[in-house]
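Chain and residue survey
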Amino acid sequence: MTTTPTANNGVNTEVLLGARKALADEPAGAQFTWRATNEWLHATHTKATVKSYFGLGAEQGHKVESTFEMDHPETFGEEDNAVTPVEYVLVGLGGCLSGGIAAVAQNRGIQLRSVKATIEGDMDILGILGADPDVRNGFNNVRVNYEIDADASEEDIEALVAQSQKRSAVFDIVTNPTNVTVSVTKA
Amino acid sequence: MRTSVVVIGAGQTGLAVSYFLSERDIEHVILERGSVGQSWRSERWDSLRLLTPNSQSRLPGHVYDGNDPDGFMTMTEVVGFLDDYARRIAAPVRSGVTVTSVRRRGSAYQVGTDDGTWDADAVVIATGACNTPRIPAVAEGLPDDVVQVTPADYRNPDLLPEGGVLVVGASASGAQIASEVQRSGRQVTLAVGEHVRVPRTYRGRDLMWWMEVTGRLDERYDDVDDIVRARHLPSTQLVGTPERVSLDLNTLTAEGVRLAGRLAAVTNGRAQFSGSLRNVAKLADLKERRLLEFFDEWAVEAGLDGALGPVERYEPTRIEDEPPLSADFAADGIRSVVWATGYLADHSFVDIDVLDRKGQLKHDGGVVTASPGLYRIGLPVLRRRKSTFIHGAGDDARDITEHLAGYLASVAVDEAECAVG
Ligand SMILES: Cc1cc2nc3c(=O)[nH]c(=O)nc-3n(C[C@H](O)[C@H](O)[C@H](O)COP(=O)(O)OP(=O)(O)OC[C@H]3O[C@@H](n4cnc5c(N)ncnc54)[C@H](O)[C@@H]3O)c2cc1C
């Protein structure tokens, strides 16, 4: 059941499929390390910078350095200079799933016209406030609601979204535990 | 000892190879560590019946001839079927001989066993695809007092300790075991990863009938879109019972099984489950639907639409609003774990550089190109989607034997030329 891709969603699936083939034989090149730095500015206001990462056996750089500021809102008594860190998690999840949808659609020959998502995470802040030890800090539920216009049946669109979740890094990061090591040195 | 071809393993694939070798008058022996059909004798649970109907118990020159073509054989019946076959084709089986090494000697092979050494021109490895139960690394974190079993050593619920049971994996083995353990009165939590949902019967016909008539199972390995994926596909959620019941997550939920996501970690006495349950269930529902649509289209094209029962669609998999993300072995009373997480083929006895970085044999449709004269049969989608089914052994064995015969002829020519030169 091969479909000839006629769609153009702008995704370079050839490079992706080529990489899959090449890296299966060269697994060392597939080891990537993603990296961000973070610097405290004032109160709960901090700034993150992303520029370099490691992959294909060497240091790599993005074309441009990006910065992201984070803070907490006035409902928390803060200055609200920028969005909260947890909202970045939602940003990452949506970006990963939508990018995946485009790639899968391209691969399946489905032309996308619009893909819009609302990503919501429910949180009981008694957890982060330390007010109730039975409440976790993080999201207790995450919902992603897609509205997609594409040249495909409703079922094929559902399958796109399901497949994108199956291949999504951030979906995996959010749904599965990961060991995290935080170390510190005195500057 | 010397022979032309050593076949390792007397399951359905080794016997089918023997059938075609004999047909070509190629001298050979089958070395079998146990008896004919040993895997069916010693590595299956008590209640297991084939999930392929009797009509698919077919090997070259040997078909099921009973009066219940739609029934499913018990393990005793499968062993009897294979024993009959071995006798009928006068397979040269040496029982109780375990192969411990396969080495190259010039252009030929030396096969080491616990009962002497065989020299041969060619070797066919027919040792099965399910040698070692695959146990995920997270098992290391399990509390010491939790009993662990795999489908290869599980026999029946009574051998598990009283208390809750965590079954990991929802393919044929996991779903069947979860169901019977739950019915024995133990609370089962089933950790569900990617799985393949199918009905037992569809429009009045067995699922396996559909898979066969539509040509789905004949699809060749070199035609399959994504062979890596095809070879790693989990087995379908099927069970063979006289009542021909379907076995899916909804029937398990109705029996009282608690569904959770894939087992992601075990730390501090707690199992952590992935939050992806809803998506794996959705994927399985969508794929089942696509398969049924494919059957329906085929039925119309084949002019059978009117002769079959009405088109059916099934209720989507029911997932509770907030499936469990963790379970505490002690507090929740989970006393045992069944690892129904698949199997790996074992090639550790092959002392030739033909294994990949994961220890799996590199081959092209069963032909080990890096070592001429070495063959493998009975791996998932080895040459066709049906390669690991009983009724799939014949076509693969015919192809492999044909290639092997060509190889033997070419070596014979080489030797003759050497002798002349
Ligand atoms: C739980 C389960 C249920 C299945 N149900 C079905 C079904 O319903 N229908 C279906 O068509 N298929 C089914 N299969 C798939 C398949 O048919 C079986 O796995 C079948 O046993 C495979 O046959 P085989 O000849 O490839 O290997 P096996 O039957 O495993 O035969 C291999 C033989 O090699 C021997 N051996 C292994 N290593 C050595 C060694 N080093 N030296 C000497 N001998 C050795 C073993 O003792 C064994 O007898 C099932 C598989 C499993 C695991």
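Here, residues in each chain are numbered from 1, in the same order as that chain's written sequence. By the order in which they are written, chains take letters starting at A while ligands take numbers starting at 1. With pLDDT at 70 or above as the cut-off, local features in this predicted model cover only qualifying residues; side-chain atom pairs require 80 or more to be listed or tallied, and sums for whole chains, interfaces and linings still use all residues. Note that water and hydrogens are dropped before the side-chain values are worked out from all heavy atoms of the structure.

**So, the overall build of chain A**
On a plain count of helices and strands, chain A comes out with four helices and five strands. Elements are defined by DSSP. Helices are runs of H or I of four residues or more, strands are runs of E of two residues or more, and each kind is numbered from the N terminus. Listed by position from the N terminus, the elements making up chain A come as α-β-β-β-α-β-β-α-α. Viewed in the frame of its principal axes, chain A has a C-alpha envelope of about 55 × 40 × 30 Å. Of all 187 residues assigned to chain A, the portion counted as buried reaches 26%. Accessible area of chain A: about 12700 Å², with a carbon and sulfur share of 53%. Charged residues are defined here as Lys and Arg on the positive side and Asp and Glu on the negative side; His and the ends of the chain fall outside this count. By convention, the charge on Lys lies at NZ, on Arg at CZ, on Asp at CG and on Glu at CD. A distance of 10 Å separates the average location of the 14 positive side-chain charges in chain A from that of its 26 negative side-chain charges. Partly exposed describes any residue whose relative accessible area lies between the buried limit of under 20% and the exposed limit of over 50%, with all areas from a 1.4 Å probe on protein chains only and scaled to the type maximum. What sets the accessible areas is the Shrake-Rupley method with a 1.4 Å probe; for residues, cover comes only from the shown protein chains.

**Points about the interface of chain B and chain A**
It is common to give the size of an interface as the accessible area that goes away when the parts come together. Contact with chain B, which involves 24 residues of that partner, is made by 18 residues of chain A. In total, chain B and chain A occlude about 1700 Å² of area from one another, counting both sides; carbon and sulfur atoms represent 46% of this. Here, a salt bridge means any side-chain nitrogen of Lys or Arg that lies within 4 Å of a carboxyl oxygen of Asp or Glu. At the boundary of chain B and chain A, one finds four salt bridges. Among the salt bridges present, the one from Lys282(B) reaches Glu158(A), with a minimum N-O distance of 2.3 Å. Distance and chemistry together define a polar contact, namely a pair of N or O atoms within 3.5 Å, with one atom able to donate a hydrogen and the other to accept it when in protein, and with adjacent residues in sequence counting only for side-chain atoms on both sides. Inspection of the region where chain B meets chain A yields nine residue pairs in polar contact (both at pLDDT 80 or more). Counting residues per element, the side of chain B that touches chain A draws most heavily on helix α8 (residues 277-301) of chain B, at eight residues. We call two residues in contact whenever any of their non-hydrogen atoms come within 4.5 Å of each other. Once two parts are brought into contact, the accessible area they lose, counted with a 1.4 Å probe and summed over both, makes up the buried area.

**Some details on the domain arrangement of chain B**
Residues and elements named next belong to chain B. How far each domain reaches was decided by an automatic or database domain assignment. Domain parsing of chain B yields domain 1 (2-131 + 345-419) and domain 2 (142-338). Once you take the C-alpha centre of each, domain 1 and domain 2 turn out to be 29 Å apart. Across the boundary between the two partners, domain 1 contributes 29 residues, which contact 30 residues of domain 2. Of the roughly 2500 Å² buried between domain 1 and domain 2, counting both surfaces, carbon and sulfur atoms make up 49%. For domain 1, the biggest contributors to the area lost against domain 2 are Trp45, Leu51 and Arg385; these three give 30% of the whole. Summed over the shared surface of domain 1 and domain 2, the result is three salt bridges. Among the salt bridges present, the one from Asp218 reaches Lys386, with a minimum N-O distance of 2.8 Å. Counting every contact that joins domain 1 to domain 2 gives 19 residue pairs in polar contact (both at pLDDT 80 or more).

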